[in-house]
Amino acid sequence: MYRKSVLKNGAIIATEELSYTNSLALAVWLKVGSRDEAKGEEGLCHFLEHMVFKGTSQKNTHEIARELDSIGGISDAITGKESICFYVKLLPKHLNKAKDIMLDILLNPRFDPVDLELERQVVLQELNMIEDSPEDYIYDLLCKAIYGEHPLGRPVIGSREAIGLLNRESLLDFWENQLYGRNMLISVSGKVSHDLIVDLFSPGLECIKSNGHMPMRTRPHSINNIEILERDLAQVHMAIGFEAPQLNHKMRMPCAILNCILGGTMSSRLFQKVREQEGLVYSIYSSYAPYSDTGIFSVYFATEKENVNQVLKIVKEEISTLIHQSPTEDELLNAKEYLLAGMYLGSETPESRMFRNAKMEMHLGRYVSLEELEHLINNVSKSEVQEVANMVLGTYPPAIAVIGPISYGEIKENIS
C-alpha cells in the first residue's frame, strides 16, 4: 500500500509497505541537481553529495562509515541532473539508527576545509575514471552537442576548473538554500509502516524551513552540434542524439516502445542488422532518457574506424524506415512484453520500488501504479510509434558525439 503525508514545512513522506519483504529501502531526495547550478559552479551538487558523508558536527567520516556498516546496510548517494538522493537499504530492526544517521548528515554537515581538499582529489580521480571510459564519457559529450551551454548540456560531475574553485562558502550557501521542506522527499519501500516513518522523521524535519531559493529552470532547446574528441583508441565510439518527450508527455510510452524496436533489445533492428547480420560491432544500442521538461533519445555504437560509415549508413536507413513505415504487429507486441516484463521484474525489490515511487512523486506529483503503467503500455498503437519516430528521429541532422581516431571530414557525408 502506498501512502503519502505532507509535513507543515512542505516535506513529503511517501511510503509503500511491502509485507512480503524482509528489508526496506530508505532515501532522502532533494529536488535539485546539476542543471540548477550557476555558471562557474559546475559539479557543486555532486561535490555536496560527497561532502555530507565526510563529517558532521558530531561525527567524523570514519565514524559515519562505521555506523553505516554496523547496520549491515547498503548505502550510497546519487547526483543527477534534476535531483540528489541519499539512500540506504537495511533490515527493519535498524531503522531508528538509519534515521539518526541520515538526519545527521543532512542537518549537520561540517564541510571541513581539510576534508574538502581531500575530497576534491577524490572527485578529480572520479572525473579521470569517467574520461578513461569512452562509453561513459561520450554521453557527457552528447549532452553538450544537443544542448550546448544550457545547464542540461553540462556533465553532472562538473569540470576540472570548476571543481578546483569550489570552496566551503559556496557549498554551505547552496546547501542552506536548497535544504528546505518543499524541496525534500522521504521515500521508503519495504517492510515498514507509514505511520512509523512519519513518527520517526517528523520531529527531526520540523526545524527545516518551508521555502528556499530554487534557481529558475529554463527549458532547453536542442542545437544539435557535433562534438569530436580525437583519441588514439582501437575503436571509434559514437553517439547520435535527438530531443525526445519529457516525463509527463503523452508520447512517453510510444517513445519507450520505439526505443525497444530500434535498438533497445537484442531483437531490435539495429542489434540484429549491425551486429548479428553484419558483424560490424560488439556493442550497439539505443536509449531514452526523459527529464522534467525534455528528453534525450540516443543511439550508441563502437566499431573500428573503417566500419564507422557503414554503421552510420545502416543507422540512417533504419531510422528512415521507422519514420516512413509503422512497425510490424509482432515488433509492437514484443516491445510491449519486453517493457512489461522489465517493469514487473524490476519492481520486486524494495530498492527499485523506492526509486520508482520517488521519481513519480517528484515529476508527476502522485503515485502511479504498475497496473496504470501496464494500461498505458498496452494502449500504444503502431501509428503512435510511427508518429513519435517522426517527431523525434525526423529532426535530422541530429547531435553527434565522437571519441576515437577519426575526424569530422571522414564522417560528414553520413551525418548530414
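Each value, and the rule that gives it
Residues numbered from 1 in each chain as written. Predicted model: local features only at pLDDT ≥ 70, side-chain atom pairs only at ≥ 80, totals over all residues. Heavy atoms only, no water. Helix = DSSP H or I, 4+ residues; strand = E, 2+ residues; numbered from the N terminus. Rg over C-alpha atoms; globule rule 2.2 N^0.38 Å. Buried < 20%, exposed > 50% of the residue type's maximum accessible area, 1.4 Å probe, protein only. Salt bridge = Lys/Arg side-chain N within 4 Å of Asp/Glu carboxyl O. Phe/Tyr/Trp six-rings, centres within 6.5 Å; stacked < 30°, edge-to-face > 60°. Contact = heavy atoms within 4.5 Å.

J.: Break down the overall build of the protein chain for me, with residues and values.
T.: For the protein chain, the helix and strand inventory stands at 15 helices and 11 strands. On C-alpha atoms alone, the protein chain measures out to a radius of gyration of 23 Å, which is about the 22 Å that the 2.2 N^0.38 rule sets for 416 residues. Taking the principal axes of the C-alpha coordinates as reference, the protein chain spans close to 60 × 45 × 35 Å. Taken across its 416 residues, the protein chain has 55% of its residues classed as buried.

J.: How would you sum up the pattern of salt bridges? Please name residues and give values.
T.: Counted by the stated rule, this structure contains 22 salt bridges. Measuring nitrogen to oxygen at the nearest pair gives 3.9 Å for the salt bridge that ties Glu82 to Arg217. Of this pair, Glu82 sits in the loop between strand 4 (74-79) and strand 5 (84-90) while Arg217 is found in the loop between helix 8 (194-205) and strand 7 (226-230), placing the two residues 135 residues apart along the sequence. On the basis of relative accessibility, which here comes to 8%, the residue Glu82 falls in the buried class. Salt-bridge contacts for Arg269 lead to Glu331; the nearest nitrogen and oxygen are separated by 2.7 Å. Taken together, the positions of Arg269 in helix 10 (residues 269-277) and Glu331 in helix 12 (residues 329-345) put the pair 62 residues apart, joining distant regions of the chain. Given a relative accessible area of 15%, Arg269 falls into the buried group. Salt bridges sharing partners connect three or more residues here, namely Arg35, Asp36, Glu82, Arg217 and Asp293.

J.: So, the packing of aromatic side chains: which residues are in play, and what are the values?
T.: The way to describe two aromatic rings as a pair is by their centre distance and the angle between their planes. All chains considered together, the criterion is met by seven aromatic pairs. Summarising the aromatic geometry, the rings of Phe111 and Trp175 are spaced 6.5 Å apart at their centres and angled 85° between planes, so their arrangement reads as edge-to-face. Note that Phe111 is positioned in the loop between helix 3 (95-107) and helix 4 (113-131) and Trp175 in helix 7 (residues 168-178), a separation of 64 residues in sequence. Relative accessible area serves as the criterion here: at 5%, Trp175 is assigned to the buried category.

J.: Before we move on, can you summarise the side chain of Ser283 with the specific residues and values?
T.: Here Ser283 is to be found in strand 9 (residues 283-290). Looking at Ser283, the relative accessible area reads 17%, which means it is buried. Apart from residues no more than four positions distant in its own chain, Ser283 is found in contact with Glu135, Tyr300, Phe301 and Ala302.

So, to be careful, I would describe these as geometric facts and stop short of saying anything about function.
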